[in-house]
Structures are given as C-alpha cells and as structure tokens.
Amino acid sequence: MEGALIARDRVGVQDFVLLDSHTSETAFLNNLRKRYQENLIYTYIGTLLVSVNPYKELDIYTVTQMQLYRGVNFFELPPHLYAIADNAYRVMCSEYNNHFILISGESGAGKTEASKKILQYYAVTCPTTEQLQIVRDRLLLSNPVLEAFGNAKTLRNDNSSRFGKYMDIQFDFKGAPVGGHILSYLIEKSRVVHQNHGERNFHIFYQLLEGGDKDLLCWLGLERNPQKYAYLVQGRCAKVFSINDKNDWKIVRKAFSIIDFTEKDIEHLFGIVASVLHLGNIQFEEDSNGHAIIRDGTQIKWISKLLGVHLSILQESLTHRKIEARSEEVLSPLNVDLAFYARDAVAKAIYGRTFTWLVNKINGSLANKDSTRKTVIGLLDIYGFEVLDTNSFEQFCINYCNEKLQQLLIEMTLKAEQEEYELEGIEWEPIPYFNNKIICDLVEQKHKGIISILDEECLRPGEATDLSFLEKLEEKVGDHAHFVTRKLADQKTRKSIDWVDFRLLHYAGEVTYCAVGFLEKNNDLLYRNLKEVLCNSKNGIIRECFLLSELDNRRRPETVATQFKNSLMSLIEILMSKEPSYVRCIKPNENKEPGKFDDYLIRHQVKYLGLMEHLRVRRAGFAYRRKYELFLQRYKSLCPATWPHWHGPAAEGVERLIKHIGYKPEEYKLGRTKIFIRFPKTLFATEDAFEFRKHLLVSRLQAKYKGCLGKREYQKKREAAIKLEACWRGALARKEAKKRTWAVQIIRKFINGFINRKKPLCPENIEFVKLVQYKYFMKLRDHVPKNVLDKSWLQPPSILEETSEMLQKICIRNLVRKYCRGVTAERKVQLQQKVVASAVFRGKKEGYLQSINQPFMDTRLSISTSNLSDGIVVIHVPEDNKQKGDAILQCEHIFETVTKLCMLANKQNLVKVVQGSLQFRIGSGKEGTMVFTVGQEPQVFKAKNGQLTVVSGGKAVLSAQQKEGGMREDDGGLCCFQPTVQQKQPNLFPQTGHLKDYQLYSI
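Residues numbered from 1 in each chain as written. Predicted model: local features only at pLDDT ≥ 70, side-chain atom pairs only at ≥ 80, totals over all residues. Heavy atoms only, no water.

*Asks:* I'm lost on the sheet that holds strand 27 (residues 948-951) in this one. Help?
*Replies:* The strands that make up a sheet are held in pairs by hydrogen bonds between backbone atoms, and each pair lies either parallel or antiparallel. The four strands lie next to each other as 24-25-27-26, forming an open sheet whose pairing is mixed. In the strand order of this sheet, the two ends are held by strand 24 (917-923) and strand 26 (939-942), each with one partner. Between one strand axis and the next, the sheet turns by 25° as a mean value, whatever way the strands run. For strand 25 (residues 926-933) and strand 27, the ladder comprises four bridges, and the chain directions are parallel. Note on strand 27: the bridge partner recorded for Val931 is Thr949. (Pairing = 2+ DSSP bridges. Helix = DSSP H or I, 4+ residues; strand = E, 2+ residues; numbered from the N terminus. Axes fitted to C-alpha atoms, helices over the stretch in contact; angles between N-to-C directions.)

Structure, rendered in structure tokens:
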C-alpha cells in the first residue's frame, strides 16, 4: 500500500521528505524542476502540497481522476490537489470537526484555479439529492459571478483576484454539501477609475459590452466599443487573446438564473455597471469663476435614468459640496480637480458597495436554514504577494495580508509543532526559522504601527499630505530594522528610493511603496450630498447599499486600512479554530510560458513561502499524532486485549495495542496525552490492518444479521407457502370438479345424439351429427382421388351418403377438367392417332394392348440418296431394331417416290442427299459403306475393299450384304440369298403405283 509513498517516482521524488539532501535548497529546486518538466506539477512536503502552475491544460482533472482519489489514503496515490481535498473531507466526516484549505502564492501562481478544482471535486464526489444539487450548482456558479465583478487582468495574471475570498462549504452529518458562506476582503475599488498600462478594469465591463445583446445595450445607453469609455482605456489593452469575454458573459448570465437572481435584480445590477461607465465619461469644464460645470449632459441623463435619481440634484451634487457650519448647511462649488475627485469617489463607492451586495446575495442563495449542527471546509483564496514597478496602498494591504497568513503558517505548523512536542514531553530538536511577527507588528501595532500612523494623519485637523505621513513614519518607526526611507537609507540604498517612497523588508523580500495617494485611498470619503442622492435612489440595489440611517450617523467612518486590519483579524480567528490543510502555489516564470522554469524566481518563492523550514520540521518531527482516547477508540479492534472494551487508562491500552501490532521504538513516541508516530508508512500499515479487521468484524455482523433476516424471511415464506398451497389445492380441486361436470354433460349429449342419429336434425342429435360430419370430412381430406383413373372413394356414414355422392361427382369433374386443361396440342394429336389405332386393331391383333402406353412418334423414316443420276434410295431402319439392316432400293422415279414419302411423313427434312459415299447399317450392329461414282454403264458391285460401289445408271434392288457371285462363309456367318430377278415382291406402297418393278433382297 505504501509503495507510492516510499518508492521514487519516474522523475524525482513525489514527497520532498524523501530527499536525501533535505536541507539543500538546490536539491529541492532540482527535484521540483524534474517533475515540472514531466508535467508532474504536484509534490508533497508531508501533507503540504506544492503546486507549480503549468500554464497549459493537463488531463488530470477528469471525473475518472476524481473517482480515483475518492476515499483513498493520502499517500497511496501520486500527489494531487484532489488528495488534499479528499483528506480534509474524510477527516471532517470521521472526526466531525471543521477544516480549512489555505491556498497561497504569488499572483498568477494558480490559486484561483486551485480553489475552483477543489469545489468541482466536492461537487462530483460528495453524496447528493435533487435539492442538494441546487446548492451544489450555486456553489460552483458563484465563482464565475465573483470573478466577473472581482477579477481583472494585471501585468502578471490575466485573471487576477482583486479581492480576498474565504468560502465556507457546509456539510450535513451524511457528508453532503448543504450550504455555504462567502467572506470578501478589500475589493480593489481604485481599479474602477484607474488602471496601469497593460492592465484592464474588472471583467464585467468588457463582458457586458462584448456579450450583451443589442436591446440591452440600447436600454443601458452603451456602445459595444470599449474604447468609448474613459474607465476602460487607461491600460490600453481592452482586448486580451486569452480571455473570451463573450463566452464568459453567457456563463455569468446562466449563473444569475441558478443563483436565484430575479430579473429586477439583474436589471438594477447592469444599470449600476452601465452607470459607472457613464460616470467615467462625464467631463468638467471651468466657468468664469473657476468653478466646475458640466456642459454635455448626455452621460448624466443616462446615470439619472439608470440609478433612478433626480437629474438636477445629481448634477448639483457632482459640482458642489455640502458643508455643515454649526446649524447651517452650505453648498460650496467645487473646482475641476475636486469635481473629478467627487466623480471618481462616487464611482468607486457604487461599485464597492454593489460588490458587497453581490456577495450577500450569493450568501442568501447558499444559506442553509436547517438548524442542525454542520461541519465546514473553508477555502481561502486571497491575493498573492505583489511586487510591482510602482507599489501603492493596495499592494501595501495585500502584502500585509500575506504577512499575516505567513504568521499563521508559522504558528500552526512550526511554532505550534514545537510547543506541542514540548508540552507532551517529546524530545525535540529546535529548528531555527524566521518569525515574521516583527513585520506584522510594524504594520498593525496600536499607536506605533504604520496603519495607526496613517489613520492619525487622515483624522488630524490641519492640512495632512502624503509627505507629512511619510515624515511621521520616519519619526515614529524610523529606527525599525525592517523600515527604510531615502532619508534613513545608507548611501548605496538611497539611490533606489525616491523621496516619496518607503521600503519594508517583508519575509518575502524588500518592497518599495510610493506614499502618494495613501491618505486619499485610506480615507475613501464620499461627499455627504452625493451620499444623500444615492440614499434616495430608485435602484433597489443602490437603495440597499446606501441606507438613510447613514445620514444620521455623524461619526467619521473607519478608514480603509483599519477596516481591512479588523476583517483580517477576524479571518485569522476563523482559521485558527479549524484544522488546516495547505496548498503552496508557485509561478514558474513571469511570461506565463509552458515548460519554462525560472530558477531565480522560484528560489525566491520557495524562500518566502517557508517551504524549506516546513520540510525541515517534517523530517525532524512526527508525521501523526492523536490523543490516546481517540487512537485507542479507533484501533482497539487490532488487539485482543483491548477489544471490545479496555477498562484501564487509555495510555496503557495504547501501549498494549502498539506492542501487539509490532511498532518499533524508532517509529513512535508516547507523550503525556498523545501518541506520536514518526513515519506515515507506520500509520498507514496500522490503517491497513484496521481496514482488514473492520471488514472481518463487519462480515461477522453481516452474517449474524443476514442469518436473522434469513430466518425471519424463511418463516414468512413458509407461512405464505402453506397458505398458497391450500388456496392452490382448493383452486385445482374446483377446476377439476368443473372439468368433470363438463365432461359428463358432453358425454351424455353425444350418447343421446348417437341414439337419435337417424332422426332429422334436432337439438338431441345436432352436436353428434356435426361431430360425425367433421370427422368424416377431415378423413376424406386425406383420401381424395389424385387422378381421373383413381375410382376409389371413402365410404361415408349413412347420414352422409347423399353428401358424399355429390362431393365425389364434383371431385371427378374437377379432376377431368384439370386433366383436360393440362393436355397440349401435340399430345392431343397423339391421342387422336391412338383413337384411330384403337378402331383398327382393338380386339383384332395381338400386341395391341402393349402398344397403348407407347406414344406414336411423328415419323420413324430417314432416307438417304446420292447427288448423282443413279436411282438408289436408302431407307434407314431405326437403330432399336438391331436384327434388321437398312433397306436399299433402286427405282426409276426416284424424285416422285422420295417426294411422296416426305409428304406422307409430313416432314421436309426427311431426305439427306450425300456426295461420294454414305454409311448404312447391315444388321447386328455392323455398318457398311456405299460409294457412288460415274461410269459408262450403270452397275452395282462390291469392290475389293469390301465397299458397295454404285455406278450411275441401271435399276435393281440390292441387299446390304450382296456380294458379286454370292457371299462367303467368312462374311460374318450371314445367310445370303442369290438374286431372283424374275421373282416379284408384293406391292409395299400400292398408293404410289410405281414400286411394282422394284426387286427386294433380304439380308
């Protein structure tokens, strides 16, 4: 389980505590650089997380990653922001106490993004319901709203928080987020009226102009071009490629609807934003008396409309100041400079108080009205340490805040550790560290601190200036080791300090502040008549922000610095009451370039974040400590002696417990009230064993409980089964009885029908007759004759004889019709020939019956003749008569004879005329050749080669095996008859009348 804690990562180590040279700043930076170059931006120092801004998107914030870190022991997985969030959440749920996560670092180091990632993690991983989902959505969407109104582009960060924010996320006893509360600190109001070169005003102004629809801008009297507005062009960078104002506007508009802003709230809010832009475009001119006047009233008319104030009264309040002299009030005209001051003062006051109203509105939507006890996890995202080219009152307050947070870190992680160990009697090696309390005292000490001196200058009668404030500082704190001015500096240092500057030696390094504007920004005064105008505004938000009761309060309000100091003290008290978790954000370079690692810049941040001191404490001290009672209560199940109850002192029980587990002496110390464990691996091994033991105990409990449930369920099922079986058996019996009754009725009905079957149809026999008909017809279906010669027919019952006879006639007619329709024309001719043959031969000649099933062919004749003038005709006998040879004829009228044979056969292609020779069949499968030639005298003879030669001329009828002078015995053993010229053959074709002279020779 502890492999990830002990083993080195692919590049560097994932916990600085594992560095061999843990006291070397160079080794610290080398390890940080290796991990950063491999996109491993997170590294631990014990339980503190160091985060280096990658300045690019990394695929390490998916829902899969969130689920991976959910419920996992802190060191089990690689370092991640989700591990910090999950550890705080699990400890809060298990110990039911409050936590906070302090995210600190320079501007641009990624603090705001880190707080958003933690919120997203809780939104995804915490249990929820439909109602809780609304709270979750509001928590998430409060960020884009506050960023729009409280963040701006600075030289170091395109989305720099220009206010401090502390958010409490409230959880119920199930660990589900049920509400939240936000505290804001020192919104940078001066940015509304002035921006340094390369910086922008707050995002909301640009989002409104870029994303607002045409009708909205028309109603507000605005144009899309930010160059038209004096409060937006001073930094000369209205457009920033890394910021999509149009898309951000859509997100803010959606957030308003989720956070429960009404349409009236939104209308008034945008009216205020537009009024600030119109205020910036008001220009004053000097009249003949040197008094300020407004010649172009266009802008002031829009302000009057949007804020719901009287036009003339508003114009008068911007050019006059009301002065109270005893019981009288006098309006004193303002010069141009004072008029511009009054204009800017009202713009800052309106925007600052509107921002406070916005935070309160969000808090109202996040408030949980359930009075049950809740635990909280706080997220502190506050301005980082700032050192600009020109540092003013805002940087002074911001860096003072960072000094207090550093002091908190020192008290809660270094000094508190040492004091706790000493209190517990644990041997401790003192660690030297820089205690910045001396700097905090320089700023905040009563009557002697810089803030007290600044307030005195603001409140004292007479003409107080920034230079008089600087002189007072030199007088009262000039001897402080961390304060220097040009007058107090040595010759070398004096060159880098102007006459209006003073320098403080912060824990993070030296910062030079320009005193010009300190008194004005600290006073932050709004003329009384301007306040009266705003108190009577018809804009609902302005009316809530400027209460009429303020006009009755004659006391001077607290200065800005004092307000900030008091709110910071309250914040420190809140944080001191909670269990801390720390995230230290580091900016790798000034240019926001991915992959660039600036050693000098990072070394400076490592120093002022106190990381080396924290590392030395983690290596020298103990990683874990718990009161004996809590430790024993949690892990007592691991030892038989302490389980299930320990009846002695808790310290003795813990001692027995750790001996049974097998702790080594160097792994722990026993204090007066607590046990201290040095190594995280020791704790997690114990936690592992506890988890295993817990599963065993749970398994036993589950087995017992399941057994009880199973037995109870079995008894219920058994009783139910008995009832079901009884009911089912009754149902079956009733069904069977009903079935038997039905069967008896049917049998009786058919017996009665059988008895009365020969009667005409009546109620007594109709069912029986129908059954008999059905069975007969179903059986007849399979015994219907298939052809006209099939005379069979199924014997019908007596009651169906008439019907059967009709069906038989219909069937025969159908077969005959079907057969007749299937006879072809050719088949019809053959049948007609068979009818003639029947009339001639039936009953008269043997063999006729055998010939009936043999179809007659069109013709069986095939005739061959030569192309010469001989009278030879060969009639080919069909080959199926193997005992007969072909007939060879000689006749005078060959053309007439062959033609009439063709006509008799009705076949013109009957005759084949050959040239030279032809083949003829002798008999018994033998063949002969007849050669035709031309000679002087016609003759027929057998040549020496055995071929029958025919010379043109003469007439004779020759057998196929004739030989000149007779046949020899070696000619196949055939019988040979000599020609008998005078013998007359019967007239084979009497109809021709020309064959009487033919002579026939048989083979």
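The structure having been displayed, the exposition proceeds.
*Asks:* I keep staring at a nonpolar patch on the surface and nothing clicks. Help me out?
*Replies:* A surface patch of nonpolar side chains, amounting to about 420 Å² of accessible area, comprises Ile747, Ile751, Phe754 and Ile755. The residue Ile747 is located in helix 29 (residues 680-755) in this model. (Patch = residues over 30% accessible without salt bridge, like charges linked within 9 Å, V, L, I, M, F, W, Y side chains within 5 Å. Areas by Shrake-Rupley, 256 points an atom, 1.4 Å probe, with all protein chains shown as cover. Salt bridge = Lys/Arg side-chain N within 4 Å of Asp/Glu carboxyl O.)

*Asks:* I keep staring at the side chain of Asp381 and nothing clicks. Help me out?
*Replies:* Residue position: Asp381 is located in strand 12 (residues 375-381). Nearest to the buried, unbridged Asp381 among oppositely charged side chains is Lys165, at 4.9 Å. Polar side-chain contacts of Asp381 include one of 3.2 Å to the side chain of Thr112. What Asp381 contacts, discounting residues up to four positions off in sequence, is Lys111, Thr112, Ser115, Ser161, Phe163, Gly164 and Lys165. (Buried < 20%, exposed > 50% of the residue type's maximum accessible area, 1.4 Å probe, protein only. Lys, Arg positive; Asp, Glu negative; His and termini not counted. Polar contact = N/O pair within 3.5 Å; in protein donor to acceptor, adjacent residues only side chain to side chain. Contact = heavy atoms within 4.5 Å.)

*Asks:* Quick question: what am I supposed to make of the packing of helix 11 (residues 263-280) against helix 12 (residues 298-307) here?
*Replies:* The description of two helices packed together rests on the angle between their axes and the distance between the axes. Packing of helix 11 against helix 12 brings their axes to within 9 Å, and their N-to-C directions diverge by 160°. Taken together, the axes of helix 11 and helix 12 lie roughly antiparallel to each other. In this structure, helix 11 meets helix 12 at a crossing whose hand is left-handed. Contacts between helix 11 and helix 12 involve Gly271, Ile272, Ala274, Ser275, His278 and Leu279 from the former and Gln299, Trp302, Ile303, Leu306 and Leu307 from the latter. Taken together, the residues that form the contact of helix 11 with helix 12 break down as seven nonpolar, four polar and no charged. (Parallel < 35°, antiparallel > 145°, perpendicular 65-115°, else oblique. Left-handed = near helix turned anticlockwise from the far one by under 90°. Nonpolar A, V, L, I, M, F, W, Y, C, P; charged D, E, K, R; others polar.)

*Asks:* Sorry if this is basic, but what is going on with the packing of aromatic side chains here?
*Replies:* Centre distance and the angle of the planes are the two values used to describe a pair of aromatic rings. Across all of its chains, the model carries 33 aromatic pairs by this definition. The interplanar angle of 10° and the centroid separation of 3.9 Å between the aromatic rings of Phe16 and Phe28 together place this pair among those described as stacked. With a gap of 12 residues between them, Phe16 in the loop between helix 1 (3-6) and helix 2 (25-37) and Phe28 in helix 2 connect regions that are remote in the sequence. For the pair Phe16 and Phe28, a shared accessibility class is recorded, and that class is buried. On the basis of an interplanar angle of 80° and a centroid distance of 5.7 Å, the ring pair of Phe754 and Phe768 is categorised as edge-to-face. Placement of Phe754 in helix 29 and of Phe768 in helix 30 (residues 766-781) is noted, with a sequence separation of 14 residues between them. Counting every residue linked through ring pairs, the aromatic cluster contains Phe393, Phe396, Phe469, Phe483, Phe502, Tyr513 and Phe518. Arg200 extends its terminal NZ or CZ atom over the ring of Tyr206, reaching a point 4.0 Å from the ring centre. (Phe/Tyr/Trp six-rings, centres within 6.5 Å; stacked < 30°, edge-to-face > 60°. Lys NZ or Arg CZ within 6 Å of the ring centre and 35° of its normal.)

*Asks:* Quick question: what am I supposed to make of the nonpolar core here?
*Replies:* When a protein is soluble and globular, its nonpolar side chains tend to lie buried together. Counting 185 residues, the largest nonpolar core has Tyr122, Phe149 and Phe502 as the members making the most contacts within it. Ranked by the residues each element gives to this core, the list is headed by helix 14 (residues 336-366), at 15 residues. Residues contacting Phe502, with those up to four places away along its chain left out, are Phe396, Phe469, Leu470, Leu473, Phe483, Val484, Thr485, Val511, Thr512, Tyr513, Ala515 and Phe518. (Core = buried A, V, L, I, M, F, W, Y, C linked by side-chain atoms within 4.5 Å.)

*Asks:* For this particular structure, what's the right way to read the pattern of salt bridges?
*Replies:* Side-chain pairing between opposite charges can occur once the charged atoms of the two side chains come close. A complete count under the given rule lists 37 salt bridges for this structure. Glu188 is paired through a salt bridge with Arg162; the nearest N and O atoms lie 2.6 Å apart. With Glu188 in the loop between strand 7 (177-185) and helix 7 (190-193) and Arg162 in the loop between strand 5 (160-161) and strand 6 (164-171), this pair connects stretches of sequence that are 26 residues apart. Accessibility classification places Glu188 together with Arg162 in one group, the buried group. Linking Lys900 and Glu896 is a salt bridge whose minimum nitrogen-to-oxygen distance equals 3.4 Å. Here Lys900 pairs with Glu896, and both are found in helix 34 (residues 894-905), just four residues apart, close to one helical turn. One connected set of salt bridges, linked through shared partners, spans Glu106, Arg156, Lys587 and Glu590.

*Asks:* Help me understand the sheet that holds strand 3 (residues 99-105) in this model?
*Replies:* The strand order across the open sheet built from seven strands is 1-2-16-3-12-6-7, with neighbouring strands paired in mixed fashion. With partners counted over all chains shown, the strands left at the sheet margins are strand 1 (42-45) and strand 7, one partner each. Strand-to-strand twist across the sheet, computed as the mean angle between neighbouring axes with direction ignored, equals 20°. With four bridges connecting them, strand 1 and strand 2 (residues 48-52) associate as antiparallel partners. When the sheet's bridge partners are listed, Tyr44 is paired in strand 2 with Leu49.

*Asks:* Would you explain helix 8 (residues 203-211) in this entry?
*Replies:* Note: α-helices contain 3.6 residues per turn, so residues at a spacing of three or four share the same orientation. With seven of nine residues buried, helix 8 lies mostly within the body of the structure. Buried within helix 8 we find His203, Ile204, Phe205, Tyr206, Gln207, Leu208 and Leu209.

*Asks:* Mind showing me how you'd approach the state of the cysteines here?
*Replies:* Per the counting criterion, the structure on display carries zero disulfides. You can see Cys126 has no disulfide; the closest cysteine sulfur is in Cys93, sitting 7.3 Å from it. (Disulfide = S-S within 2.5 Å.)

*Asks:* Explain the environment of Leu132 here, please?
*Replies:* Tracing the chain through its elements places Leu132 in helix 6 (residues 130-150). Along the sequence, Leu132 and Ala176 sit 44 residues apart, while their C-alpha atoms lie 7.6 Å from each other. For Leu132, the residues in contact, after removing those within four places along its chain, are Pro127, Ala176, Pro177 and Val178.

*Asks:* I'm lost on helix 30 in this one. Help?
*Replies:* Taking 1.5 Å of rise per residue, 16 residues should cover 22 Å, and helix 30 covers 22 Å from first to last C-alpha, within 8% of that figure. Turning to helix 30, its buried residues are Phe768, Val769, Val772, Tyr776 and Leu780. Mapping the buried residues of helix 30 onto a view down its axis gives an arc of 100°, with all of them on the same face. Opposite the packed face of helix 30, turned more than 90 degrees from it, sit the exposed residues Tyr774, Lys775 and Arg781. (Expected span 1.5 Å × (residues − 1). Arc of directions from axis to C-beta.)

*Asks:* Mind showing me how you'd approach the environment of Phe941 here?
*Replies:* Relative to the helices and strands, Phe941 is located in strand 26. In this structure the C-alpha to C-alpha distance between Phe941 and Val951, which are 10 residues apart in sequence, comes to 8.5 Å.

*Asks:* Where do I start with the UniProt feature "binding site: ATP" (unreviewed entry) in the protein in this structure?
*Replies:* UniProt records the feature "binding site: ATP" (unreviewed entry) for Gly105, Glu106, Ser107, Gly108, Ala109, Gly110, Lys111 and Thr112 in the present numbering. Looking at the element boundaries, Glu106 is found in the loop between strand 3 and helix 5 (111-125). Apart from the residues within four sequence positions on either side, Glu106 is in contact with Lys111, Arg156, Gly384, Phe385, Cys585, Lys587, Leu601, His604, Gln605 and Tyr608. Topologically, Ala109 is positioned in the loop between strand 3 and helix 5. Of the residues examined, Ala109 reaches a relative accessible area of 2% and is grouped as buried. (UniProt positions renumbered as here; feature names shortened; annotations may be inferred.)

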